[in-house]
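Inside the fold
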Amino acid sequence: MSNCIAPHEHEELMLVEEGIKPLAIIYHDKNPKMYRAACSSSLIKHRKLVRAGVIAIATKPQYIDIYMKLVKDRKLYTRTTFQVLMGGYLGYTSEEIIMYLTSNESKTCTCIECGGELK
Ligand SMILES: [Zn+2]
């Protein structure tokens, strides 16, 4: 097993295009090239602008709906529970999620997918 805490990083678009990953959240600011490709790829069947400069791409539309609800209901969950749920919808394995939970990033990252505040 790799020690990488974000094993899908830089591969998200391809993994969703190939149906390996059910859902990915792509930030324009973090990866403008992938963001533009995600907006135009004909292999992506379901996409939605979820916040300014943030696009969700998915193999099924309900994955985007679940993502939106999870973010909206963030305060109902502990940070750890939120991370486990989000990690599962983003297609990470139990092993990858457990590895992530032991990382420093899981406790400090401010991004919404890691349980940070919605700004
Ligand atoms: Zn994060």
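Structure: see above.
Let me begin by describing the structure that accompanies this report. (Residues numbered from 1 in each chain as written. Predicted model: local features only at pLDDT ≥ 70, side-chain atom pairs only at ≥ 80, totals over all residues.)

Turning next to helix α3 (residues 61–72). Taking 1.5 Å as the rise per residue, α3 with twelve residues should run 16 Å; its terminal C-alpha atoms sit 17 Å apart, in good agreement. Residues of α3 that are buried include every one of Tyr-63, Ile-64 and Tyr-67, and no others. Down the axis of α3, the buried side of the element spans an arc of 100 degrees, and every buried residue falls inside it. Exposed positions of α3 whose direction lies more than 90 degrees from the buried face are Gln-62, Lys-69 and Lys-72. On its buried face, α3 sits against β1 (23–27), β2 (46–51), β3 (54–58) and α4 (79–89). (Helix = DSSP H or I, 4+ residues; strand = E, 2+ residues; numbered from the N terminus. Expected span 1.5 Å × (residues − 1). Buried ≥ 20, exposed ≤ 12 C-beta atoms within 10 Å, placed from the backbone. Arc of directions from axis to C-beta. Contact = placed C-beta atoms within 7 Å.)

Our focus in this paragraph is the nonpolar core. Ranked by size, the top nonpolar core spans 19 residues in total, and within it Leu-23, Ala-24, Ile-26, Ala-56, Ile-57 and Ala-58 carry the most contacts. At the level of elements, α1 (12–17), β1, α2 (32–40), β3, α3 and α4 are the ones that each hand at least two residues to this core. (Core = buried A, V, L, I, M, F, W, Y, C linked by C-beta atoms within 7 Å.)

So, on to the environment of Glu-95. Take Glu-95: it is sitting in helix α5 (residues 94–101). According to the C-beta neighbour criterion, Glu-95 is exposed, with 9 such atoms within 10 Å. As for Glu-95 and Lys-45, which are separated by 50 residues in sequence, their C-alpha atoms are 28 Å apart.

This part covers the pairing of β2. Bridge analysis of β2 against β3 gives five bridges, and the strand direction is antiparallel. Residue pairing across strands places Leu-49 opposite Ile-55, the latter belonging to β3. A loop of two residues connects β2 with β3, the two strands running antiparallel in sequence, and Gly-53 in this loop sits at a positive phi of about 75 degrees. (Pairing = 2+ DSSP bridges.)

Quick look at the pairing of β1 now. Judged by how many residues are buried, β1 sits mostly within the fold: four of five residues are covered. Two elements, β1 and β3, share five bridges in a ladder whose sense is antiparallel. Looking at β3, one finds that Leu-23 is bridged to Ala-58.

A word on unusual backbone geometry. Its identity as a non-glycine residue notwithstanding, His-10 has a phi of 75 degrees, on the positive side. Mapped onto the fold, His-10 is located in the segment before α1.

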